[in-house]
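Take a look at the letters that make up each chain.
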Amino acid sequence: MRIDTVLLKVASRCNLNCSYCYVYNMGDEAWKGLPKRMRPETQDRVIRQLGELYRRQDHPFAVVLHGGEPLLIGASRLSQLLEGLRSTLPAPCSISIQTNGVLITNEILDICALQGVGISVSIDGPAEIHDSCRVDRRDRPTHAAVVAGVETLKRHRGAAQLFSGVLAVVDPTSSPASVYAFFKELSVPSVDFLYRDGNRSTLPQGKAAVDSVEYGTWMTGILRVYLADRNPPRIRVLDDMMKLLLGGSGVKEGVGLTDFGIAVIDTDGSITKTDTLKSSAPGDRFEEPWSVHTHELAEVVQSPAFRFYHDQQRPTSPICHSCPHLNVCGGGMLTHRYDDANGYDNPTVFCADQKLLIARMTEALPPHLSLPAAA
Amino acid sequence: MDVRSTLPPTAQSGDCLDAKLESVAIARLIEEVRSTAFEVTRAYNRTYNRHNR
């Protein structure tokens, strides 16, 4: 198996307290026992082991600084970390930061530009939508601060390389056209829309029943304005799904059937499962306490236990295997398939939503199109 | 700027089918799929990792 993405948790805490956060507000309490920031000795081991993984794998992968809020480590530590990472992971390995945007400064951006690091900002849309969930630790709105961070990013001389795009969590009660218009106004290069986490036993916020289609309906609204836009940004989830319908390939986790290899390293150096599983199985960890302090990452990812975890992403439900949309939907994210009764052996809780969205996409694509890769 | 004001009437009326032949987004995707049809399917663009959060 091959690693695509290493999620590096450089800070276990966050300066925001978003109501839907799978790290802090969906039952997993592991963050409380972790160092607030990755210590220098852990960081040194991580850098060396990622370099070793690259040499052994002989294939590039992405490193994403994640949290919590990764910019909480401060400019000085960030500079040291990025310099170390880039020294062992030259292009085409990508290094990026997923941030809430509040702590973006020109000093931070200069450091990122120097090391060829991309920045993705989490922002959900207009203030009234964003601030309904994305608040600080005193429940104060954060939209103005995030927009200020995005504007600082856009003004930077290296913005074209620095600014990757935004992640937006869907509020299915909002107006898709208004959200799309907001991101157009903000002039972001790309948007990825995420469904709120949940599963078949604990439904995502805004979803009334497993077979209801609030999220699918909302996404078809985005699809409508996206397809009609004469100068559209990139919308990753829609692009990936339509590429699959056209016979191409997608890259996004939880879409399509391409295996996704992810390793997560926490601030204490422990090697853990993909973090989104916190929303369905709080406390789910590898049986063996793998850590960069006691193990070699390149060996861990080749172990039978890691491979078992990796293979869990492949859909197992007979319903999925008889579904004509499986090659596009991919069964959704593993965490969204969970049910208290039988674990992950189910279609995604967003199955009906995805079917609706795929149907609308199919209608929108030219019916006569037959591309070479479609076989 | 309100993007809705820049959309053609078909989009404002909510009909994807009418928009498909002139959709920039679809044309872009078709070209990308065509150009990568015989290449390794996994892409590592600088924009995104594959993680979904």
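Residues numbered from 1 in each chain as written. Chains lettered and ligands numbered in written order. Predicted model: local features only at pLDDT ≥ 70, side-chain atom pairs only at ≥ 80, totals over all residues.

Draft legend 1. Up close: the overall build of chain B. Helix and strand counts for chain B come out as three helices and zero strands. Going from N to C terminus, chain B has its helices and strands arranged as α-α-α. Per-residue burial over chain B gives 32% buried out of 53 residues. (Helix = DSSP H or I, 4+ residues; strand = E, 2+ residues; numbered from the N terminus. Buried ≥ 20, exposed ≤ 12 C-beta atoms within 10 Å, placed from the backbone.)

Draft legend 2. Region of interest: the overall build of chain A. Each helix and strand counted, chain A has 14 helices and nine strands in total. Against the compact-globule benchmark of 21 Å for 375 residues, chain A has a radius of gyration of 20 Å, which places it among compact chains. Projecting the C-alpha coordinates of chain A onto the three principal axes gives extents of approximately 55 × 45 × 45 Å. For chain A, the residues scored as buried account for 53% of the 375 residues in total. Residue pairs at least 24 apart in sequence account for 73% of intrachain contacts in chain A once pairs closer than 6 positions are excluded. (Rg over C-alpha atoms; globule rule 2.2 N^0.38 Å. Contact = placed C-beta atoms within 7 Å.)

Draft legend 3. Up close: helix α11 (residues 304–311) of chain A. Residues and elements named next belong to chain A. When we look at burial in α11, the residues that qualify are Phe306, Tyr309 and His310. Down the axis of α11, the smallest arc covering the buried residues is 100°, so these residues share one side. Exposed side chains of α11 directed beyond 90 degrees from the buried face belong to Pro304, Ala305, Arg307, Phe308 and Asp311. Looking at the buried side of α11, the elements it contacts are α10 (297–300). (Arc of directions from axis to C-beta.)

Draft legend 4. Unusual backbone geometry, seen in detail. Residue and element names in this part refer to chain A. Following Gly67, the chain continues into Gly68 via a peptide bond in cis, with omega recorded as 5°. A cis amide bond, omega 15°, links Ala91 with the succeeding residue Pro92. Positive phi outside glycine occurs at Asp58, with the angle close to 55°. Within the fold, Asp58 resides in the loop between α1 (40–57) and β2 (62–66). Overall, Asp58 belongs to the exposed group, with 7 C-beta atoms counted inside 10 Å. Phi is positive for Asp139, which is not a glycine, with a value near 65°. Among the structural elements, Asp139 can be located in the loop between α4 (127–130) and α5 (143–155).

Draft legend 5. Spatial organisation of the packing of helix α9 (residues 236–245) of chain A against helix α14 (residues 351–364) of chain A. All names here are of chain A. Taken N-terminus to C-terminus, the directions of α9 and α14 make an angle of 65°; their axes are 10 Å apart at the nearest point. Between α9 and α14 lies a crossing of right-handed hand. Each of Met241, Met242 and Leu245 in α9 lies in contact with α14, whose residues at this interface are Ile358, Met361 and Thr362. Grouping the constituent residues of the contact of α9 with α14 by class yields five nonpolar, one polar and no charged. (Axes fitted to C-alpha atoms, helices over the stretch in contact; angles between N-to-C directions. Left-handed = near helix turned anticlockwise from the far one by under 90°. Nonpolar A, V, L, I, M, F, W, Y, C, P; charged D, E, K, R; others polar.)

Draft legend 6. Molecular detail of the nonpolar core. Residues and elements named next belong to chain A. With 100 residues, the main nonpolar core has Val63 and Met241 as its most contacted residues. With nine residues, the single largest contributor to this core is helix α8 (residues 214–228). Look past the residues within four positions of Met241 in its chain and what remains in contact with it is Gly250, Val255, Val328, Ile358 and Met361. Listed in part, the five residues of the second largest apolar core include Leu277, Met333, Tyr338 and Tyr344. (Core = buried A, V, L, I, M, F, W, Y, C linked by C-beta atoms within 7 Å.)

Draft legend 7. The arrangement of the environment of A:Arg314 in detail. Turning to its location among the elements, A:Arg314 is positioned in the loop between α11 and α12 (318–321). C-alpha separation for the pair A:Arg314 and A:Asn15, spaced 299 residues apart in sequence, amounts to 35 Å.

Draft legend 8. Geometry of the pairing of β2(A). All names here are of chain A. A large share of β2 lies buried, amounting to five of its five residues. Burial along β2 is two-sided: the face carrying Ala62, Val64 and His66 and the face carrying Val63 and Leu65 are both buried. Looking at chain direction, strand β1 (residues 5–9) and β2 are connected through five bridges and run parallel. Residue Lys9 lies in a different strand from β2, and its bridge partner there is His66. As for the winding sense of the linkage, the β-α-β connection from β1 through α1 to β2 is right-handed. (Pairing = 2+ DSSP bridges. Right-handed = clockwise from strand over helix to strand, strands pointing away.)

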